[in-house]
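The primary structure of each chain is shown beneath.
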Amino acid sequence: MALTTDLKKATIDSPYVEMIELDGRSISSTLFFHFTASSDMPFSFGGQEYIPFPYRAHGWETTKGQSPRPKLVISNATKLVQPYLQQFQDLKRVKVTRIRTLAKYLDGGASPDSTQHLPIEVYYINTMSRMDRSSIEFELVNGFDLPTAKLPAAQALKDDIGGGNMFCPGLSSLRFRG
């Protein structure tokens, strides 16, 4: 509630902070990135340390009713991520989480509170669209847009149906497997 109140003010007394988390647990590594104009030093939020690392992202907004397909461009100057690209299929299906808050809510800030953040957004790397000496660009998708996503996630089977329903016999005790 406090963050919402802060954002409605004419002037905000704390810098905006965006954190990006690349969750590579499926590839035995987790990388964390953050972007903020107020700091180039590591900081913590919710007990998790974020390291400064150059990146930019755009395309988070939904347009014309379609799911966003944001682009995440990270620095390749240090070659930190490049070895993982070759080893783990261009990091396809790695989870990318976007967390946004104000600097005063960071651990060690004026009012530390890890519950004060804008809605957390979760995407997955779909493709590596470009790589050169200075940067690597990824296209992100939500979980439903992954090529391997299947709906429904549960399946209603004939032998699970029993009982009665006046519109569709057997639906009153329908169970899902999945």
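As the structure is a computational prediction, the values presented were derived from the model and not from experiment.

Here we come to the side chain of Ser-75. By the secondary structure assignment, Ser-75 is in strand β6 (residues 71-75). Residue classification places Ser-75 among the buried residues on the basis of a relative accessible area of 13%. Of note is the side chain of Ser-75, whose polar atom sits 3.1 Å from the backbone nitrogen of Ala-77. Beyond its immediate chain neighbours, meaning those up to four positions away, Ser-75 contacts Phe-53, Pro-54, Ser-134 and Ser-135.

Counting residues in each nonpolar core, the largest one holds 17 residues, and the members touching the most others are Leu-72, Ile-74, Phe-138 and Leu-140. Those elements giving two or more residues to this core turn out to be β1 (16-23), β6, β8 (121-131) and β9 (135-141). Setting aside anything within four residues of it in sequence, one finds Leu-72 in contact with Ile-20, Leu-22, Tyr-55, Arg-56, Ala-57, Val-96, Ile-136, Glu-137, Phe-138 and Leu-140. Core analysis: the next-biggest nonpolar cluster, separate from the first, contains 11 residues, Phe-43, Phe-45, Leu-102 and Ala-103 among them.

Attention now moves to the pattern of salt bridges. On inspection of all chains with the given rule, the structure shows nine salt bridges. Between Lys-9 and Asp-6 there is a salt bridge whose closest N-O contact spans 3.4 Å. Among the residues examined, Lys-9 registers a relative accessible area of 42% and is labelled partly exposed. Its relative accessible area of 5% is what places Asp-6 among the buried residues. Linking Arg-98 and Glu-121 is a salt bridge whose minimum nitrogen-to-oxygen distance equals 3.0 Å. Taken together, the residues span a long stretch of sequence, with Arg-98 in strand β7 (residues 95-102) and Glu-121 in strand β8 at a distance of 23 residues. When its relative accessible area of 15% is taken as the criterion, Glu-121 is described as buried. Each of Asp-6, Lys-9, Asp-13 and Lys-104 takes part in one network of salt bridges that share partners.

Reading the values: rules and limits
Throughout, a residue's number is its position along its own chain's written sequence, starting from 1. Where local features are concerned, this predicted model is filtered to residues with pLDDT of at least 70; where side-chain atom pairs are given and counted, the filter is 80 or more; whole-chain, interface and lining totals use all residues. Neither water nor hydrogens contribute to the side-chain values; these are computed over all heavy atoms in the structure. Put simply, DSSP marks the helices as runs of H or I at least four residues long and the strands as runs of E at least two long, and each gets a number from the N terminus on. Only protein chains enter the accessibility calculation, which uses a 1.4 Å probe; a residue whose area is less than 20% of its type maximum is buried, one above 50% is exposed, and one in between is partly exposed. Whenever two N or O atoms come within 3.5 Å, that pair is a polar contact, provided that in protein one can donate a hydrogen and the other can accept it, and provided that, for residues adjacent in sequence, both atoms are side-chain atoms. Contact between two residues is taken to exist if any of their heavy atoms lie within 4.5 Å; hydrogens are not considered. Nonpolar core, defined: a set of buried Ala, Val, Leu, Ile, Met, Phe, Trp, Tyr and Cys residues in which side-chain atoms within 4.5 Å join the residues together. One side-chain nitrogen of Lys or Arg within 4 Å of one carboxyl oxygen of Asp or Glu is enough to make a salt bridge.

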